[in-house]
Amino acid sequence: MKRSASTTALLALALVPATGWAGVHGQESGDGGVESGETPAPITLEAHRPADELEISLDGRLDEAVWRSARPIVDFTQQEPVEGSRPSEETEIRVVYDADALYIGVMIYDDPEGVLAFQRERDAGLFTDDRFMWILDTFRDGRTGYFFEINAAGLMGDGVITGGGGGGRGPGGGGTNKAWDGIWEAQTQMLENGWSAEIQIPFRTLNFNPAQDEWGINFQRTIRRKNEEILWRGWRRAEGLRNPVFAGRLTGLSGMSQGLGLEAVPAVVQKWNNTPGDPIDPTTYPYNVSLDVNYSVTSSLRASASMNTDFAEVESDQRQVNLTRFSLRFPEQRDFFLEGSGVFSFAPRSGPSPFYSRNIGLSGGRQVPITYGTRLTGQAGAFELGFYQVGTQTEEFLDPDDLQSTITIPSESFTIARVKRRLFEQSAIGAFYSRRGTSADPTGFAPLARHTAGVDLDYKTRHFLGNKNFEIEAFYAWNSNPLDASDSEYVAWTNTDLSSHGIRLNYPNDIWTSHVSYRQFGDAYDPAVGFVPRNNFRRIEPRFGWSPRTPGISWLRRLDFSVQFRELVSLDESLGGDEAWLLGGVGGVEERQWQFNVLGVDFESGDNFDIQLTQTYEYLNDEFEPSDGLVVLPGGYAVWEWSLRGRTAGQRRVSMFGNVSRGGFWDGDRFRYGGRVSFRPNPGVEISTNIERNEVDLPGGSFNVNLYELTTDWTPTPWVATTGQFQYDNQSEVLGLFTRLRWIVKPGNDIFLVYSHNWRYDALDPLDPNARRTFDTLSRGASIKAQYTYRF
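Summarised in this report is the structure supplied together with it. Bear in mind that the values here come from a model prediction, so they are computed numbers and not experimental data.

**Topic: the nonpolar core**
Piece 1. Residues W134, I150, W215 and F219 are the most contacted members of the largest nonpolar core, which totals 41 residues.
Piece 2. Counting only elements with at least two residues in this core, the list comes to β3 (91-97), β4 (101-109), β5 (131-137), β6 (145-150), β7 (156-161), β10 (194-202) and β11 (215-223).
Piece 3. With residues near it in sequence (within four places) discarded, W134 still touches I104, Y146, F147, F148, E149, I150, W184, I199, I201, N218, F219 and L241.
Piece 4. Within the second largest apolar cluster, 24 residues are counted, among which are F336, I370, I416 and F475.

**Observations concerning the pairing of strand β42 (residues 734-746)**
Piece 1. Where strand β41 (residues 720-729) meets β42, 10 bridges bridge the pair, whose relative direction is antiparallel. From the neighbouring strand, V720 faces β42, where its bridge partner is W743.
Piece 2. A loop of 4 residues connects β41 with β42, the two strands running antiparallel in sequence, and E733 in this loop sits at a positive phi of about 55°.
Piece 3. Relative to strand β43 (residues 749-763), β42 runs antiparallel, the two sharing 12 bridges. Opposite V734, over in β43, you have R760 as the bridge partner.
Piece 4. Where β42 folds back on β43, the antiparallel hairpin that results is connected by 2 residues, among which G748 adopts a positive phi of roughly 100°.

**Considerations on the pattern of salt bridges**
Piece 1. Tallying each qualifying case throughout the model produces 43 salt bridges.
Piece 2. With a shortest N-O distance of 3.2 Å, E567 and R592 are connected by a salt bridge. Here the residue E567 occupies a position in strand β31 (residues 556-570), and R592 occupies one in strand β32 (residues 589-603), the gap between them amounting to 25 residues.
Piece 3. Classification of E567 as buried rests on a relative accessible area of 0%.
Piece 4. In this structure, the salt-bridge partner of R773 is E733, at a minimum N-O distance of 2.7 Å. On the criterion of sequence distance, the pair formed by R773 in strand β44 (residues 773-787) and E733 in the loop between β41 and β42 is long-range, its members being 40 residues apart.
Piece 5. Here the residues in one salt-bridge network are E80, R237, D510, R549, R557 and E604, joined through shared partners.

**Details of the side chain of E228**
Piece 1. Its place among the elements puts E228 in strand β12 (residues 228-231).
Piece 2. At 3.4 Å, the side chain of E228 and the side chain of Q78 are in polar contact.

The rules behind these values
Residues numbered from 1 in each chain as written. Predicted model: local features only at pLDDT ≥ 70, side-chain atom pairs only at ≥ 80, totals over all residues. Heavy atoms only, no water. Core = buried A, V, L, I, M, F, W, Y, C linked by side-chain atoms within 4.5 Å. Buried < 20%, exposed > 50% of the residue type's maximum accessible area, 1.4 Å probe, protein only. Helix = DSSP H or I, 4+ residues; strand = E, 2+ residues; numbered from the N terminus. Contact = heavy atoms within 4.5 Å. Pairing = 2+ DSSP bridges. Salt bridge = Lys/Arg side-chain N within 4 Å of Asp/Glu carboxyl O. Polar contact = N/O pair within 3.5 Å; in protein donor to acceptor, adjacent residues only side chain to side chain.

Set out below in structure tokens:
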């Protein structure tokens, strides 16, 4: 898209000393891009601070005088489809600031008829839309930072980058925690030559070192109809936006203020709950007044306290089908445990999981009241710190299986501490500790306080074999014996039984990827505040992947092939089946798997599919009952399974994701299929349906497991969003409804309206198998929550 004459004149004035695209990057290749062997020059972006008072009317139009005095950057480079090539559309970025806030001015040149902007809801995924993203590495440590994104409709999304990022082709680090909701604002405008945006980020929203006059900063733009990704720095496929070590520099910063660093967030909640089956108190009207206080101990270290914490606005969990012997892990959705949670990540790819925050304030999916919570997160010199102290109160409720009796959950106290010390350019070494103390139950029994401790290494370099990424992850974790020596069930576990350890070598690069990992979890390794679905094993897993590009085929972007082997053996010599191939000196094999990605295809249109073939040997030491009355006997089972997965491009008004597989299931067979269809008739409106069906045939009989979901989203503006969700599965036979309206009065001030309803599909006559069935109400409730943010 070409600039208008007036815009060109303005840019020429602002860029008198500036260089163009080729001047920034050096010699151009024959196709107008950058030669593959070049390293981009360390270009910086200067933040302009006007001498007079900064006056910007935040309306998305870059028509204030201060924008004309700020020098823009224009030297973006393609990452996709052609790495190092010139972007098909131009982009300009300007940055100005005053003592209180950072302002970013964005000019996105494009054909306005081609700009896609379906989404409006805060933090909605933008895989459907054109988007503009940026990161701020406020400590310039190359590991952590803040992530922001917008689209032409004014959607705002944000998150916290943890553990070195992850925007390249490979895994690349801890990724982005998008649960963080910072207080900032963006306004956009559609123009005849594209769209523009004005962004205001108060310094009180960020942690940073005021003594530093430089931050890390980077920008990325997606042109969705072309599946084109362009970046300012870190444009190679093995680098990426969310890996701060590859970011550029924002210079010229000084005199930024965070005020007193004190923030108070009071909230009021009124609820209505109705449980028809409760014979004592079927209808209640509870209310709650809570207060969150945040204080910047230093400009880079923030303390928080929460009293009478309430999570009325949290969405219900996404239901999942589980036909395995092990528990499923559900994601955390509560803001108190999500903000700053990245520091608590402990060897995330190896699975020791000493901390799983859903162990606090939740029991069997039921909320347990949190009386107080304190949190300290941030950085102190070369150290990144994290600390929780949380207390829950005793909760008593009717037993859903016996309404004449009650269940009591004793009060508990939790202590979680984490420290990480930066090493070299991208690496860190850390330590972890947790304590869980439980009060006495109604019988007077009080379990021992349970402790967990561990150390981990996260080594990363971008200079392996010259310019390749290489990573090492290693860990050791231990938990105390949960039983007292006087207990009749006491076992004198050794430290090997009570601990886990492992190491993982990773080569995450474009074209070639590989990793090899080893881990061992003792028979009694079960951290009290962690999540470990399986223990008493030793495992090794190598993987190799090849993803060649196809520049000679215009409609094809990339192919993908990979092979992965996994062998898991028991630590008990009396357990397991076949003799191990790679791991000796212990019990027999409990699981051995070959997984082949026979063919993966990414099209230029954004569509893709994968064909996989998996061979699995698994040994059962005990009987397993995947469905009522159907038992799989102990022994070894070897099965094959093929699967096909496909996805259409998200920018279409109707997009689909689907998968189908067939193969062995223990001593029987399983056919499963599922998919999601999303319909976006207008911007701000989306309707999605999801289905998953498993048809299982075993020698003793057959059964089906079905899951259905319908979701609706209506977002008339970026400040008002409504969500509706129906879920049903034929295992629980419960139909659940969750609806929520969120009104962002202004950033930091929110009003929520929530309604939920659960029905069970019951027979009118439980003794008659042919009786007519109806949906009967199990529970329903509504709540209204208002919260306001005061900053001092």
